[in-house]
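Commentary on secondary and tertiary structure
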Amino acid sequence: MSQDLFDHTPPPSMVAGAVIVDELAGLGVCEVVCCPGSRSAPLAYAAALLESEGRIRLHIRVDERAAGFFALGLAKAASRAVAIITTSGTAVANLAPALAEARYGQVPLIAVSADRPSTLVGTGANQTANQVGIFGNTPIETWRISSQDNSPDAWRACVQRAVVTSEGRLSGRRGPVHLNVELSEPLIGDPGPISPGVGFQVDHPTASRAVHLDPGPRTVIVAGDMGVDEGRWWAEQAHRTQIPLLAEPSSNARQGSAAVAGYRYLLAGFLPQIERVIIAGHPTLHRSITALLTRKDKEIIAVNSSGQWPDPGWGVSRVLPQVQLSMGDPGWMNTWASADGRLRTKINEHLSWGGQALAASVVEALGDGDALVLGASHPIRDADMAPISPAPPRVYANRGLAGIDGTIATATGIATGLGTPVVALMGDLTAFHDLTSLAVPALETSSDLSVVVADDNGGSIFAGMEYGASRVRIGTYADYFERLFAVPSRINLADVARGFSVPVVEVNSPAQLSAALTTPWSGVRFLHVPLERQSRVNQERDLVQWGREALTEMES
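Below or above, wherever it landed, is the structure these notes cover. The structure displayed is predicted, hence computed values, not measured ones. (Residues numbered from 1 in each chain as written. Predicted model: local features only at pLDDT ≥ 70, side-chain atom pairs only at ≥ 80, totals over all residues. Heavy atoms only, no water.)

Here we look at the overall build of the protein
Scanning the protein from N- to C-terminus turns up 19 helices and 19 strands. For the protein, the C-alpha radius of gyration of 25 Å lies close to 24 Å, the compact-globule estimate for 556 residues. Referenced to the eigenvectors of the C-alpha coordinate spread, the extents of the protein come out at roughly 90 × 55 × 50 Å. In the protein, buried positions account for 54% of the 556 residues. Once local pairs closer than 6 in sequence are excluded, the contacts in the protein between residues at least 24 apart make up 77%. For the protein, the computed accessible surface area is about 23600 Å², with 52% contributed by carbon and sulfur atoms. Of the side-chain charges in the protein, 43 are positive and 55 negative, and the distance between the mean point of each set is 6 Å. (Helix = DSSP H or I, 4+ residues; strand = E, 2+ residues; numbered from the N terminus. Rg over C-alpha atoms; globule rule 2.2 N^0.38 Å. Buried < 20%, exposed > 50% of the residue type's maximum accessible area, 1.4 Å probe, protein only. Contact = heavy atoms within 4.5 Å. Areas by Shrake-Rupley, 256 points an atom, 1.4 Å probe, with all protein chains shown as cover. Lys, Arg positive; Asp, Glu negative; His and termini not counted. Charge placed at Lys NZ, Arg CZ, Asp CG, Glu CD.)

Side note on the packing of helix α8 (residues 263-270) against helix α19 (residues 533-555)
One way to put it is that α8 packs onto α19 with a least axis distance of 9 Å and a crossing angle of 45°. Taken together, the axes of α8 and α19 lie oblique to each other. The hand of the α8/α19 crossing is right-handed. Taken together, the residues of α19 that come into contact with α8 (itself represented by Arg-264, Tyr-265, Leu-266, Gly-269 and Phe-270) are Glu-540, Leu-543, Val-544, Gly-547, Ala-550 and Leu-551. Considering only residue class, the contact of α8 with α19 consists of 7 nonpolar, 2 polar and 2 charged. (Axes fitted to C-alpha atoms, helices over the stretch in contact; angles between N-to-C directions. Parallel < 35°, antiparallel > 145°, perpendicular 65-115°, else oblique. Left-handed = near helix turned anticlockwise from the far one by under 90°. Nonpolar A, V, L, I, M, F, W, Y, C, P; charged D, E, K, R; others polar.)

Describing the sheet that holds strand β19 (residues 524-530)
A sheet is described by the order of its strands in space; here 6 strands give the open sequence β15-β14-β16-β17-β19-β18, paired in parallel fashion. Single-partner strands in this sheet number two, and they are β15 (394-396) and β18 (504-506). Strand-to-strand, the axes of this sheet are offset by a mean angle of 20°, without reference to chain direction. Bridge count between strand β14 (residues 371-374) and strand β16 (residues 422-427): 4 bridges; the pairing is parallel. Its bridge partner lying in β16, Ala-371 is registered against Val-422. Against the sheet, helix α18 (residues 510-517) contacts β16, β17 (449-455), β18 and β19, and its axis sits at roughly 175° relative to β19. (Pairing = 2+ DSSP bridges.)

Brief notes about the packing of aromatic side chains
Scanning all chains against the criterion turns up 6 aromatic pairs. Relative to Trp-336, the ring of Trp-332 has its centre 6.0 Å away and its plane inclined at 90°; by these criteria the two rings are edge-to-face. Here Trp-332 pairs with Trp-336, and both are found in helix α10 (residues 330-350), just 4 residues apart, close to one helical turn. There is no split in this pair, since Trp-332 and Trp-336 are both buried. Connected via pairs of aromatic rings, a cluster forms that spans Phe-270, Trp-332 and Trp-336. (Phe/Tyr/Trp six-rings, centres within 6.5 Å; stacked < 30°, edge-to-face > 60°.)

Topic: helix α6 (residues 152-166)
Under the 1.5 Å per step criterion, the end-to-end length of α6 is 21 Å for 15 residues, consistent within 8% with the ideal 21 Å. By the burial criterion, the buried members of α6 are Trp-155, Arg-156, Cys-158, Val-159, Gln-160, Ala-162, Val-163, Val-164 and Ser-166. Tucked into the core, α6 has its buried residues touching α1 (12-26), β4 (109-115), β5 (142-146) and β6 (176-182). Where α6 terminates, the next one or two residues include Gly-168, which has phi positive at roughly 65°. (Expected span 1.5 Å × (residues − 1).)

Looking at the sheet that holds β4
On the basis of which strands lie adjacent, the open sheet formed by 6 strands has the order β2-β1-β3-β4-β6-β5 and parallel pairing. Strands with a single pairing partner mark the edges of an open sheet, and in this sheet they are β2 (57-60) and β5. Taken pair by pair, the neighbouring strands of this sheet meet at an average axis angle of 20°, ignoring direction. Here 5 bridges tie strand β3 (residues 82-86) to β4, and the two strands are oriented parallel to one another. What sits directly across from Val-82, in β4, is Leu-109.

Examining the nonpolar core
Judged by nonpolar contacts, the single largest core of 50 residues is most densely connected at Trp-234, Leu-245, Leu-246, Leu-266, Val-277 and Trp-336. When residues in this core are grouped by element, the largest group, 6 residues, is from α10. If near-sequence neighbours (up to four positions away) are discounted, Val-277 is found in contact with Val-220, Val-222, Leu-292, Leu-293, Glu-299, Ile-300 and Ile-301. By size, the runner-up hydrophobic cluster in this structure holds 35 residues, among which are Leu-24, Leu-50, Cys-158 and Val-163. (Core = buried A, V, L, I, M, F, W, Y, C linked by side-chain atoms within 4.5 Å.)

Observations regarding the pairing of β2
The side chains of a regular strand alternate between the sheet's two faces. For strand β1 (residues 31-34) and β2, the ladder comprises 4 bridges, and the chain directions are parallel. In the sheet register, Glu-31 faces β2, and the bridge partner there is Arg-57. For the segment spanning β1, helix α2 (residues 41-52) and β2, crossover handedness is right-handed. (Right-handed = clockwise from strand over helix to strand, strands pointing away.)

Considerations on the side chain of Thr-86
Residue placement: Thr-86 occurs in strand β3. In this structure Thr-86 comes out as buried when scored by relative accessible area, which is 0%. Ignoring any residue separated from it by four or fewer positions in sequence, one finds Thr-86 in contact with Ser-40, Glu-64, Ala-91, Val-92, Leu-95, Val-112, Ser-113 and Ala-114.

Listed below in structure tokens is the structure:
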């Protein structure tokens, strides 16, 4: 039974909602994402009131799955925890993909799920599920709050633990947490004045002293996905010490004189000479790098202060929180740079319009003050062949689990969080996965986002893998490639974008792309770039051959 709105008894659920959101704001959670729902009304009202006081910024999204990735983008932009509020039932489960990416990408997210009272779980009550543990082992921690406890101090303590844990203020490891809030009816009414918190602060752990590494063996730095500041620090260290830097685009270290643009096509030739590998960030892009990290004849050192480190080949012999690098061998660096220069010359002379040229044009059009979001599969690998820029943009990508879902939503969250225009480069299947994120509610502010879609009508990345090899396509599995892997669609993505009232720009050449990206815009727009799938396979074959030729020329 709903409470009489003229009854001045503070409803416990409204008090709980007000206390929870107040404590989030007090701990520095400035961005809150909320999806419409009934059971979550006390939390939504509290967030709206705090926004009116200027204490938080509230964002409304309809689809919980997209909202989760939008919150992920906000957290990436701010490098602080973001809270997302949902109602009960399947709404909660829809956060699972974004929380999984946050766990393995170490992004701080706080899922605040409204729930029915625990006494209703298992009774068949509407929209009632066992929400505690619904995400399995994905959250770092899970807490329960019940409005029936009528204990504001306990509620605040739970929120404090949630924020501290999510932001890694004690452990150094960031990630998602789950705060499940059982709210009893009535779900509307005046919470009255709430008692303020006593104040709470947890200092970040003192940074560990850097371990000095002697120049010693021939060393390379492998830089994977990481934040902007950390990536640029590694680029500076590689430049200072002249240690070859094999940096993925989302490492934010792909810059400076030590960065090797075409490393993945040169690595096989240098492999016997490499004696030590330093891993920074979370490298995930290339099988050649994974193969390097499996070598037991190399010293492999992982540098990570979070307590987690990449070791897919079980070859890491040391894990260090920080390192201090010594000057490397200039001749070693010069050899890499010379091979890379020869490969770049061949690319400039022979590479035709296609995925790699598209990505290179996007990177070239952006500068130090810009932001670029890269979708999984081919686009981020295409960007990994772009020339080294003297002033590259900030680069973001969902490389925790490297999924293709939620990319438009993540890019929208990053654009909203940064408050600056963002360019997002992705494939057609990636865009297809997240088309509903083009729909921004009418009462919400639209971010400035250019969605650049490399449309080759299906999963072209598989065409360059063993599933698309010629011996497979003419053998037993010849009839299965298109259906199981490429999965071409009948969807005209440009028409769908127009259906969401998103302006569309058709791009068929580097000049058209450059003109579009250098023209100021506002709101969301869709740049549709048709590509021929087989050209990707041909270009990959050419790049492998050019890499071999560059190495051969070095030896002659």
